[in-house]
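Descriptive analysis of the structure
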Amino acid sequence: MAHILKKILSETLTPDEISQVCSAFDMIGSIVIVKIPDPLKLKKQIIGETILHCIKPAKSVFAQTSAVRGDYRVRSLEFVAGEYNTITEYREHGCKFRVDIENTYFSPRLSTERLRIAKLTSENEVIANMFAGVGTFSIIIAKMNRTCKIYSIDCNPSANEMSIINTKLNGVQNRVLSICGNAKDVIEDQIRGQCDRVLMPLPERSSEFVDSAVLALKGGRGVIHFYVHVKANSKNTAREKADSDIQNIFNKYQHEILHTRIVREVGPRVYQIVSDVCIGP
Ligand SMILES: C[S@@+](CC[C@H](N)C(=O)[O-])C[C@H]1O[C@@H](n2cnc3c(N)ncnc32)[C@H](O)[C@@H]1O
């Protein structure tokens, strides 16, 4: 996938320009998001049109002009070519998602992780997804596990609105409750002590919310999926560093790290890592 972009642009750009193209791009429904380096800015129109011509389902091309940022983890985008439309429908693991790429966080690169978590759930589990975005993890879990109930929390009203739409699109609105608010407050006020499992997919800040995640667990027992970003020279070192950091972060609770894995590389030598942490005796 990563080399496709360089390949399709090889007849449009010079070899020197091709060497500057960032090969990674995201295809979300009918929208392609690329990174266009400054020296190629003047070529953005032709880059966009070539992408539309070669990648058939694509109807719109946007350039990402900032990293994901802010409380809502959204990125700045610049329209490049095709239809100006920032809302699209994306399909994953038999589920449909309406996604607003301008106002909500979304990454197709978490697809394997979403399936992994869904497969770990058992019958009749109650789950809290503290940072649910447009509802992807929650809805995939609910579709695969017909007996679970999920509190799907996000502080971004646009993400919550999309999550409500997506639960209905997938027929799981009775078991996925989309709640708009700060996960800490929602847990304290509405769901403390109710959950068997808690998802914390906010790697930049998850350590700030550990007490809230534990508070959500039934009798202080259950599994927390804890996501972090780790900078390290190799994947093995990153995994070891994550384990040691997570031991410290969960130090005051009786806990066992069940499994740690690299989810993806998010920058040069920066890895997104998840640990499945079992809390309680
Ligand atoms: C990395 S995204 C989540 C991605 C999502 N799980 C997915 O698979 O697409 C993090 C989300 O957390 C939300 N968020 C950030 N701080 C929050 C908080 N204190 N309480 C609830 N949601 C929060 C953001 O609005 C954003 O949608």
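Residues numbered from 1 in each chain as written. Predicted model: local features only at pLDDT ≥ 70, side-chain atom pairs only at ≥ 80, totals over all residues. Heavy atoms only, no water.

Examining the domain arrangement of the protein chain
The domain boundaries assigned to the protein chain delineate domain 1 (4-85) and domain 2 (102-279). Each of domain 1 and domain 2 was reduced to a C-alpha centroid, and the two centroids are 30 Å apart. Domain 1 puts 13 residues into the contact, and the matching count from domain 2 is 13 residues. If you sort the residues of domain 1 by the area they bury against domain 2, D26, Y72 and R73 come out on top, with a joint share of 46%. (Domains from an automatic or database assignment. Contact = heavy atoms within 4.5 Å. Buried area = accessible area lost by both parts, 1.4 Å probe.)

Brief notes about the packing of helix α4 (residues 111-120) against helix α5 (residues 136-144)
Packing of α4 against α5 brings their axes to within 9 Å, and their N-to-C directions diverge by 45°. With respect to their mutual orientation, α4 and α5 come out oblique. Considering only the axes of α4 and α5, their crossing is right-handed. Residues E113, R114, L115, I117, A118 and K119 of α4 form the contact with α5, whose participating residues are T136, F137, I140, I141 and M144. Its residues assigned to classes, the contact of α4 with α5 shows seven nonpolar, one polar and three charged. (Axes fitted to C-alpha atoms, helices over the stretch in contact; angles between N-to-C directions. Helix = DSSP H or I, 4+ residues; strand = E, 2+ residues; numbered from the N terminus. Parallel < 35°, antiparallel > 145°, perpendicular 65-115°, else oblique. Left-handed = near helix turned anticlockwise from the far one by under 90°. Nonpolar A, V, L, I, M, F, W, Y, C, P; charged D, E, K, R; others polar.)

Quick notes on the state of the cysteines
Applying the stated criterion to the full structure yields zero disulfides. Residue C148 stays outside any disulfide, its sulfur separated by 11 Å from that of C195, the closest cysteine. Since its relative accessible area comes to 1%, C148 is described here as buried. (Disulfide = S-S within 2.5 Å. Buried < 20%, exposed > 50% of the residue type's maximum accessible area, 1.4 Å probe, protein only.)

Let's talk about the sheet that holds strand β2 (residues 31-34)
Within a sheet, each strand pairs with its neighbour through backbone hydrogen bonds, oriented either parallel or antiparallel. Reading across from one edge, β1-β2-β3-β4 is the order of the four strands in this open sheet, with mixed pairing throughout. Across the chains shown, the open sheet's two edge strands, defined by having one partner strand only, are β1 (26-28) and β4 (77-82). Between one strand axis and the next, the sheet turns through 25° on average, direction left out of account. Of the strand pairs in this sheet, β2 and strand β3 (residues 60-64) are connected by four bridges, and their pairing is parallel. (Pairing = 2+ DSSP bridges.)

What to know about the side chain of R116
One can find R116 in helix α4. Residue R116 is classed as buried on the basis of its relative accessible area, which comes to 16%. In this structure R116 touches H225, H259, R261, V274 and D276, once residues within four positions along its chain are discounted.

Digging into helix α6 (residues 157-169)
Since there are 3.6 residues in each turn of an α-helix, residues three or four apart along the chain are aligned in direction. Taking 1.5 Å of rise per residue, the 13 residues of α6 would be expected to cover 18 Å, and the 18 Å separating its terminal C-alpha atoms lies within 8% of that figure. Every buried residue of α6 is accounted for by A159, N160, M162, S163, N166 and T167. Mapping the buried residues of α6 onto a view down its axis gives an arc of 160°, with all of them on the same face. Those residues of α6 that are exposed and angled more than 90 degrees off the buried face are E161 and K168. Measuring from the side-chain oxygen of the N-cap residue of α6 to the backbone nitrogen of S158 gives 2.9 Å; that N-cap residue is N156. Just beyond α6, the residue with positive phi is G171, at close to 65°. (Expected span 1.5 Å × (residues − 1). Arc of directions from axis to C-beta. Polar contact = N/O pair within 3.5 Å; in protein donor to acceptor, adjacent residues only side chain to side chain.)

Focus on the packing of aromatic side chains
Overall, the coordinates contain seven aromatic pairs when judged by the stated rule. Ring plane angle 65° and centroid distance 4.8 Å describe the contact between Y90 and F106, whose orientation is recorded as edge-to-face. Of the two residues, Y90 is situated in strand β5 (residues 87-92) and F106 in the loop between β6 (95-100) and α4; the sequence distance between them amounts to 16 residues. A relative accessible area of 9% places Y90 in the buried class. Taking 5.1 Å as the distance between ring centres and 75° as the angle between the ring planes, the aromatic pair formed by F131 and F209 counts as edge-to-face. (Phe/Tyr/Trp six-rings, centres within 6.5 Å; stacked < 30°, edge-to-face > 60°.)

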